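# Structure assessment
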Amino acid sequence: MSDANLIPPQAAAADWTIPQEWSSYTAEEHAIWDQLFDRQVRMLPGRATPEFIDGLDMLRMTRPGIPNFDELSERLMKATGWQIVAVPGLVPDEVFFDHLANRRFVAGNFIRRPDQLDYLQEPDIFHDVFGHVPLLTDPVFADYMQAYGRGGQRAAALGAIQRLSRLYWYTVEFGLVRSGDSLKLYGAGIVSSYTESVFALEDPSPHRLAFDLQRVMRSEYRVDDFQQNYFVIDSFEDLLDQTLNTDFAPLYAEATKEPSIPVGTLLSSDEVVTRGTQAYASGRMAA
């Protein structure tokens, strides 16, 4: 998502899609994908939610090199009716929501440079495809993503995109899910990041809080570093149920009456799963 100009780039279609041009990737670009892929698949078992690992297997992403969107879309369409479409970068909110509402996931067709392996602010093909697409094979999560797109269209009409974008950030990008007595990763921003995959689950610094829809929509987030708060859902089924069976308009109206909640803040009403030390964030601020 972005606040980009609604006029698509010259090379893009009216819906901002472009050809992936898989044959144009260089050997170095394929090698970068392989390096990123190999280190993630070695460390994610036991950390990522099983639905993510199952999705990797179903999509057969194990072949070397950057995946071909046509091949992935064919497998994904058979599983849940989704497809992947290439875009040149961040797209306007209205375009993003329309694609999701129609079960199309937008993915950048470019890959990061070798010096950007551990951090890239604008999502690339590894973040978009490795991070997001495997969970689209799960029927419940696939339905949640479509519901989010439709909710985004309604939020735009109500002037509440900022509130809804926080829901996306703290679920689709940086969400944790309960799995028995432990927590697992499912957010794409975490599972596509070697360092945050460890930090989000194992570091004592961040707070891990039970998911609360209104709390999330009031919560600010970080785009430049690890999160200071992570929100934990009970299940994808519960997340979808809350999304489909909640009238968001009163929540938006109520949220506008309250100030945004700064990153790292704990409220007395929070259900704390893990109280963090916030040592990492404090150390970064002191440096």
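## So, the overall build of the protein
- In terms of regular secondary structure, the protein is built from 13 helices and seven strands.
- The C-alpha atoms of the protein give a radius of gyration of 18 Å, which matches the 19 Å a tight globule of 287 residues would have.
- Principal axes of the C-alpha set define a box for the protein whose edges measure 55 × 40 × 40 Å.
- Taken over 287 residues, the protein has a buried fraction of 54%.
- Pairs at least 24 apart in sequence give 69% of the contacts found in the protein among residues at least 6 apart.

## Regarding the pairing of strand β5 (residues 207–210)
- Here β5 shows no split at all, with His207 and Leu209 on one side and Arg208 and Ala210 on the other all buried.
- As defined by bridge partners, β5 adjoins strand β6 (residues 229–233) across four bridges and the pair is classed as parallel. Each bridged residue has a counterpart across the sheet, and for Ala210 the counterpart in β6 is Val232.
- The parallel pair β5 and β6, bridged by helix α10 (residues 213–218), forms a crossover whose chirality is right-handed.
- Sheet topology places β5 next to strand β7 (residues 272–274); two bridges connect them, and they run antiparallel. Across the sheet, residue Arg208 finds its bridge partner in β7, namely Thr274.

## Digging into the nonpolar core
- Grouped together as the largest cluster of nonpolar side chains are 83 residues, with contacts concentrated most on Trp33, Val129, Met145 and Leu167.
- If we skip the residues at most four places from it in the chain, Met145 touches Trp82, Leu100, Phe105, Leu136, Tyr168 and Val172.

## Regarding the packing of aromatic side chains
- A complete count under the given rule lists 22 aromatic pairs for this structure.
- Between Phe52 and Phe130, the aromatic rings sit 5.5 Å apart at their centres with planes inclined by 70°, giving edge-to-face as the arrangement. Of this pair, Phe52 sits in helix α2 (residues 50–59) while Phe130 sits in helix α5 (residues 125–132), and the two are 78 residues apart along the sequence.
- With relative accessibility at 0%, the residue Phe52 sits in the buried group.
- A centroid spacing of 5.2 Å and a plane angle of 80° characterise the contact between Tyr186 and Phe236, whose relative ring orientation is edge-to-face. Taken together, the positions of Tyr186 in the loop between β4 (182–185) and α8 (188–191) and Phe236 in helix α11 (residues 236–244) put the pair 50 residues apart, joining distant regions of the chain. Each of the two residues, Tyr186 as well as Phe236, counts as buried.

Calculation rules
Residues numbered from 1 in each chain as written. Predicted model: local features only at pLDDT ≥ 70, side-chain atom pairs only at ≥ 80, totals over all residues. Heavy atoms only, no water. Helix = DSSP H or I, 4+ residues; strand = E, 2+ residues; numbered from the N terminus. Rg over C-alpha atoms; globule rule 2.2 N^0.38 Å. Buried < 20%, exposed > 50% of the residue type's maximum accessible area, 1.4 Å probe, protein only. Contact = heavy atoms within 4.5 Å. Pairing = 2+ DSSP bridges. Right-handed = clockwise from strand over helix to strand, strands pointing away. Core = buried A, V, L, I, M, F, W, Y, C linked by side-chain atoms within 4.5 Å. Phe/Tyr/Trp six-rings, centres within 6.5 Å; stacked < 30°, edge-to-face > 60°.

These results come straight from atomic positions and should not be treated as a statement about function.
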